[in-house]
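Residue-level structural notes
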Amino acid sequence: MADIREYFQKKQKRPDRETDDFKKQIRKHRIKVFLRLTGIAAVLGILTIVVVIQLKNQTYSGFVVVSAVEKEVYSNSTVKAYQNGFLTYSKDGISYTDSKGNAVWNQTYQMQSPIVSVRGQWVAAGDYNGHIIYDIDQNGTVQEIDTNLPIRSLTVSANGVVAAVLEDGSVTWINVYNPSGEKAVSIKTTMQKSGYPMSIALSDSGKLMQVAYLRVESGSMKGVVSFYNFDEVGQNYTDTMVSSYEYTDAVIPYCAFMNSSTAFSVADNELVIYEGAEIPKSVFQLLLNEEIQDVYYDEKHIGLIFPGSEGQGKYRLDVYDTAGNRILSYPFSMEYRDILFYRENLIIYNEAECIIAGLNGREKYAGDITEQTQLLKALGGNRYLAVTKDSLDTIEMK
């Protein structure tokens, strides 16, 4: 007990200077640790910037086939990108094959003119003028939907909701079905009242639908783009239509959702962008002096193809962001099969050639790819899947 008492007495007699010195040492140590961590973070940040710049400015001189899997794609089939592989569909059925050539699922049917829509992990397939829609998830689980009326067009959302335009004499119906096959919404349209639905699109959630109508009034054509909200907000509006826009002397054959809150529509010489997850509003409208020949898009970009000018290439691709800013105007002469956006890159290809360019306009590659390519799909980094008529080739740009 005496030793303990003596210890505390000595402790109380220690000068405050020792305590101050101890605090200074702790402070110095903390500063050193902070500076060390800050230095490491700065170095990592610089390395990241260097890598990003190198990737943006990286160019390729050719390609090598890393692996090839024999698989015949019949000439009467259509190939479409899907998940980590691709879909193959024809009049006899639709199937999903992964990038290694494994058959994941197969759905047989008999159709004259198959219509296929893909969004996320869901696929919807129906026959033009038929009445059955196959709503299929990534595992191959199928829900058959009987529309009871001839199908004119269809679209699917990222959660399996399906919308279909159905013909019924002088009346055209737009029906919306849940993934369970249940009809959730039925919208009656007529040429005299609403116009004829030229194009339909669903948001990822399936709660918003965009419809581009063609209406004829007093001998002149008018394009109308209407948005329907099937959630609580839409219940406060007539027929759940929450917003609508009219465009004089315009035919609007195409509309789409880029993401959950951004949509756009395209006329022959006009681009309009809409924003809003509940009540979409027109936020950008661009009138053009040239006729739009083709449209490509992803979650962040809209690509419009125009005829090229003399000496500048047969075609010109103008790329816009979701705010309507033109970020690239790219002339090219190659006949194209498809155009892709991938990680700030632009990929233009046909059955034997490919162009890879950054969205900053820097060309990375222009040359040959695997012959008879039906589909080119980015796998990550500098690797691509080339689906040819008789094989699946993993190619690596070098």
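Residues numbered from 1 in each chain as written. Predicted model: local features only at pLDDT ≥ 70, side-chain atom pairs only at ≥ 80, totals over all residues. Heavy atoms only, no water.

**Some points on the nonpolar core**
Here is the rule: As used here, the term nonpolar core means buried Ala, Val, Leu, Ile, Met, Phe, Trp, Tyr and Cys residues forming a set that is joined through side-chain atoms within 4.5 Å. Buried, partly exposed and exposed residues are distinguished by accessible area as a fraction of the type maximum, computed with a 1.4 Å probe on protein chains only: under 20%, between the cut-offs, and over 50%, respectively. Numbered from the N terminus, helices here are DSSP runs of H or I no shorter than four residues, and strands are runs of E no shorter than two. Residue contacts are defined here by distance: any two heavy atoms, one from each residue, within 4.5 Å place the two residues in contact.
Among the nonpolar cores identified, the biggest contains 21 residues, and Phe 86, Ile 347, Tyr 349, Cys 354, Leu 376, Tyr 384 and Val 387 are the most heavily contacted of them. Elements supplying a minimum of two residues to this core: strand E26 (338-342), strand E27 (345-349), strand E28 (353-358), strand E30 (375-380), strand E31 (383-387) and strand E32 (391-397). With four residues, the top contributor of residues to this core is E31. Aside from chain neighbours lying at most four places away, what touches Ile 347 is Asp 338, Ile 339, Leu 340, Tyr 342, Cys 354, Ile 355, Leu 376 and Tyr 384. With 17 residues, the next largest nonpolar core counts Tyr 296, Tyr 315, Phe 341 and Leu 346 among its residues.

**Comments concerning the sheet that holds strand E16 (residues 220-229)**
Condition: When DSSP finds at least two bridges between two strands, those strands are taken to pair. Axis definition: a line fitted to C-alpha atoms, limited for helices to the stretch in contact. Angles are taken between N-to-C directions and run from 0 to 180 degrees.
In space, the four strands of this open sheet follow the order E14-E15-E16-E17, with antiparallel pairing throughout. Where the open sheet ends on each side, the last strands, each with one partner, are strand E14 (196-202) and strand E17 (241-248). Averaged over all pairs of adjacent strands, the angle between strand axes in this sheet comes to 15°, irrespective of strand direction. Sheet topology places E14 next to strand E15 (residues 208-217); six bridges connect them, and they run antiparallel. Paired with Ala 201 across the two strands is Gln 210, which belongs to E15.

**Describing the sheet that holds strand E24 (residues 315-321)**
If you trace the four strands from one edge of the open sheet to the other, you get E22-E23-E24-E25, paired in antiparallel fashion. Two strands close off the open sheet at either side, each with one partner strand: strand E22 (294-297) and strand E25 (326-332). Each strand of the sheet is rotated relative to its neighbour by a mean of 20°, with strand direction disregarded. Across four bridges, the pairing between E22 and strand E23 (residues 301-307) is antiparallel. When the sheet's bridge partners are listed, Val 295 is paired in E23 with Leu 304.

**Observations concerning the pattern of salt bridges**
Quick note on the threshold: We define a salt bridge as a side-chain nitrogen of Lys or Arg found within 4 Å of a carboxyl oxygen belonging to Asp or Glu.
Taken as a whole and assessed by the stated rule, the structure comprises 13 salt bridges. Between Glu 217 and Arg 215 there is a salt bridge whose closest N-O contact spans 3.4 Å. In this structure, Arg 316 and Glu 290 form a salt bridge, with 2.8 Å as the shortest nitrogen-oxygen distance. On the criterion of sequence distance, the pair formed by Arg 316 in strand E24 and Glu 290 in the loop between strand E21 (281-287) and E22 is long-range, its members being 26 residues apart. By relative accessible area, Arg 316 is classed as buried at 17%. Connected through salt bridges with shared partners, the residues Arg 215, Glu 217, Lys 222 and Glu 246 form a single ionic network.

All quantities given are derived from atomic positions and should not be read as evidence of function.
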